[in-house]
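# Working through the structure, step by step
So you can see what is in the structure, the chains are spelled out below.
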Amino acid sequence: MKIALISDIHGNLPALEAVLAHANELSVKEIWSLGDFTGFGANPDEVVRLLKKLKAKCIIGNYDQKVLKIPQKSEEWKEKKVPEKWFSFKWSFEHLSKKSIDFLTVLPETRKETVKGWKILLTHGSPEAVDEALTDDTPQERLRDLAKKAHANVVLCGHSHQSFMRFAGGAIFVNPGSVG
């Protein structure tokens, strides 16, 4: 079974459409998204609606979580956050439909799948934290520690926007990089 693994779309609908067109050419059967649908790009609602329509297996990203907190945190963040970030959170929230907000609200931080006997963990950051950035430079010791906690043969992660594949502690760590 061919699976398209995507992450960190950040509202960039044209980039997502290009990736999905390529996946279609490759006869991909499933789409797995590692979160961060929203932020920066102009089309957060369209991104969410498209992945929902395609029945993608999704988890929430840290950026999505912040966007969803805008109704409660906007005034506080307006004073504390870098203005561009606060504006991006606010703008993204204001451009999400109720259905998209509802969809994002119920997404888990992690998801486990089994494919041909392989235990796979989908996580946005790391098995320990949604906002931990794993990269090709992450120390091997840290990956071994995370592999033990993941209880998976494969750990799929996003967040860092840097693609890599590493082996540690009996697990394969894969980051597809950023769509957006």
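A few points on the structure. Every chain is numbered independently, its residues counted from 1 as its sequence is written. Given that the model is predicted, a residue must reach a pLDDT of at least 70 before its local features are reported, and side-chain atom pairs must reach 80 or more before they are shown or counted; all residues, however, enter totals for whole chains, interfaces and linings. Processing note: side-chain calculations cover all non-hydrogen atoms of the structure and skip hydrogens and water entirely.

Glancing now at the sheet that holds strand 3 (residues 57–58). With parallel pairing, three strands are arranged side by side in an open sheet as 1-2-3. A single partner strand is all that each edge strand has here, and the edge strands are strand 1 (3–6) and strand 3. Strand direction decides the pairing type here: strand 2 (residues 30–33) and strand 3, joined by two bridges, are parallel. Across the sheet, residue W32 finds its bridge partner in strand 3, namely K57. Strand pairing requires that DSSP identify at least two bridges connecting the strands. Helix and strand labels come from DSSP, where a helix needs a run of H or I of at least four residues and a strand needs a run of E of at least two; each type is numbered from the N terminus.

Moving on, we come to the pattern of salt bridges. Whenever a carboxyl oxygen of Asp or Glu lies within 4 Å of a side-chain nitrogen of Lys or Arg, that contact is scored as a salt bridge. Scanning all chains against the criterion turns up 13 salt bridges. Between R111 and E113 there is a salt bridge; the shortest N-O distance is 2.6 Å. Overall, the relative accessible area of 13% leaves E113 in the buried class. A salt bridge links R142 to D145, with the shortest nitrogen-to-oxygen separation between them at 2.9 Å. Within this pair, R142 and its partner D145 are both found in helix 7 (residues 140–150), separated by three residues, close to a single helical turn. Relative accessibility thresholds used throughout: buried, under 20% of the residue-type maximum; exposed, over 50%; partly exposed, between the two (1.4 Å probe, protein chains only).

Our focus in this paragraph is the packing of helix 4 (residues 70–80) against helix 5 (residues 83–94). Simply put, an axis is a line fit to the C-alpha atoms, just over the touching stretch for a helix, and the angle between two N-to-C directions goes from 0 to 180 degrees. Running from N to C, helix 4 and helix 5 cross one another at 155°; their axes reach a closest spacing of 10 Å. If you check the angle between helix 4 and helix 5, you find them roughly antiparallel. For the pair helix 4 and helix 5, the crossing hand works out as left-handed. Mapping the contact onto sequence places I70, P71, S74, W77 and K78 in helix 4 and W86, F89, K90 and F93 in helix 5. For this classification, Asp, Glu, Lys and Arg are treated as charged, while Ala, Val, Leu, Ile, Met, Phe, Trp, Tyr, Cys and Pro are nonpolar and the rest, including Gly, are polar. For the contact of helix 4 with helix 5, the class distribution of residues is six nonpolar, one polar and two charged. Just so you know how the angles are binned, under 35 degrees is roughly parallel, over 145 roughly antiparallel, 65 to 115 roughly perpendicular, and the rest oblique. The handedness criterion is simple: a crossing whose near helix is rotated anticlockwise from the far helix by less than a right angle is left-handed, and one whose near helix is rotated clockwise is right-handed. Residues are treated as being in contact if the distance between any of their heavy atoms lies within 4.5 Å.

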